[in-house]
Amino acid sequence: MNMDKKQYRKYAESRAPRSPVAKDCVKAFVFGGGICTLAQGLLWLYGDVCGMEQQNSATLVSVTLVALAVLLTGLGVFDNIAKHAGAGTLVPITGFANAVASPALDAKSEGLVLGVGAKIFTVAGPVLLYGVVSGAVWGVIYYVITLLC
């Protein structure tokens, strides 16, 4: 069977299962909203019930969500949730925590330095790198603009 690229693409598209986009979007919205609702509940708990200042309680909410996501990743539960939730678990801070914890768990058999240390940021590393670089570039641009105005 001789096919060129165009024919093969057409054949592959006819065989590929269709993705239920609307259903996936609703699931992502519900799960992501659930995570944000949990965060808001924790903010209320830490701030109003425990009497912490707003900034401290907001920081503790982030730490709690990261710790919870790392714990669920370590137990193998986060991936099962993410299969159903899709981007709903990836967009909040929990997705970033999973992106750091998951490669570390996969590489733990290779040792702490060459395994975990070398591979912990394989997924999240580019996000951190380009986030810091773009922040620095925009900071310089802002500084130059304020000097000129």
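Thresholds applied
- Residues numbered from 1 in each chain as written.
- Predicted model: local features only at pLDDT ≥ 70, side-chain atom pairs only at ≥ 80, totals over all residues.
- Heavy atoms only, no water.
- Helix = DSSP H or I, 4+ residues; strand = E, 2+ residues; numbered from the N terminus.
- Polar contact = N/O pair within 3.5 Å; in protein donor to acceptor, adjacent residues only side chain to side chain.
- Contact = heavy atoms within 4.5 Å.
- Axes fitted to C-alpha atoms, helices over the stretch in contact; angles between N-to-C directions.
- Parallel < 35°, antiparallel > 145°, perpendicular 65-115°, else oblique.
- Left-handed = near helix turned anticlockwise from the far one by under 90°.
- Nonpolar A, V, L, I, M, F, W, Y, C, P; charged D, E, K, R; others polar.
- Core = buried A, V, L, I, M, F, W, Y, C linked by side-chain atoms within 4.5 Å.
- Buried < 20%, exposed > 50% of the residue type's maximum accessible area, 1.4 Å probe, protein only.

Even after reading the chapter, I still don't get the side chain of Thr94, so can you show me in this structure?
Following the sequence through the fold, Thr94 ends up in helix α6 (residues 93-106). Reaching out from Thr94, the side chain makes a polar contact with the backbone oxygen of Thr89 at a distance of 3.1 Å. Excluding residues within four positions of it along the chain, Thr94 makes contact with Ile35, Leu65, Ala69, Phe78 and Thr89.

Quick question: what am I supposed to make of the packing of helix α2 (residues 21-49) against helix α3 (residues 54-74) here?
How two helices sit against one another is set out by the angle between their axes and by the gap between those axes. Closest axis-to-axis distance for the α2/α3 pair is 9 Å, and the angle between their directions is 135°. Judged on the interaxial angle alone, α3 and α2 are oblique. Note on packing geometry: the crossing formed by α2 with α3 is right-handed. Residue-level inspection shows Leu38, Ala39, Leu42, Leu43, Tyr46 and Gly47 of α2 in contact with α3, the latter providing Gln54, Ser57, Ala58, Leu60, Val61, Thr64, Leu65 and Leu68. By residue class, the composition of the contact of α2 with α3 is 10 nonpolar, four polar and no charged.

When you look at the nonpolar core in this model, what are you seeing that I'm missing?
Grouped together as the largest cluster of nonpolar side chains are six residues: Ala39, Leu42, Leu43, Tyr46, Val61 and Leu65. Listing elements by their share of this core, those giving two or more residues are α2 and α3. With four residues, α2 is the single largest residue contributor to this core. Discounting chain neighbours no more than four positions away, the residues touching Tyr46 are Gly51, Met52, Ser57, Leu60, Val61 and Thr64.

Mind showing me how you'd approach the packing of α3 against helix α4 (residues 77-85) here?
For the pair α3 and α4, the least separation of the axes is 5 Å and the interaxial angle reads 100°. Put simply, α3 runs roughly perpendicular to α4. Contacts between α3 and α4 involve Ala69, Leu72 and Thr73 from the first element and Val77, Phe78 and Ile81 from the second. Looking at the contact of α3 with α4, its residues break down into five nonpolar, one polar and no charged.

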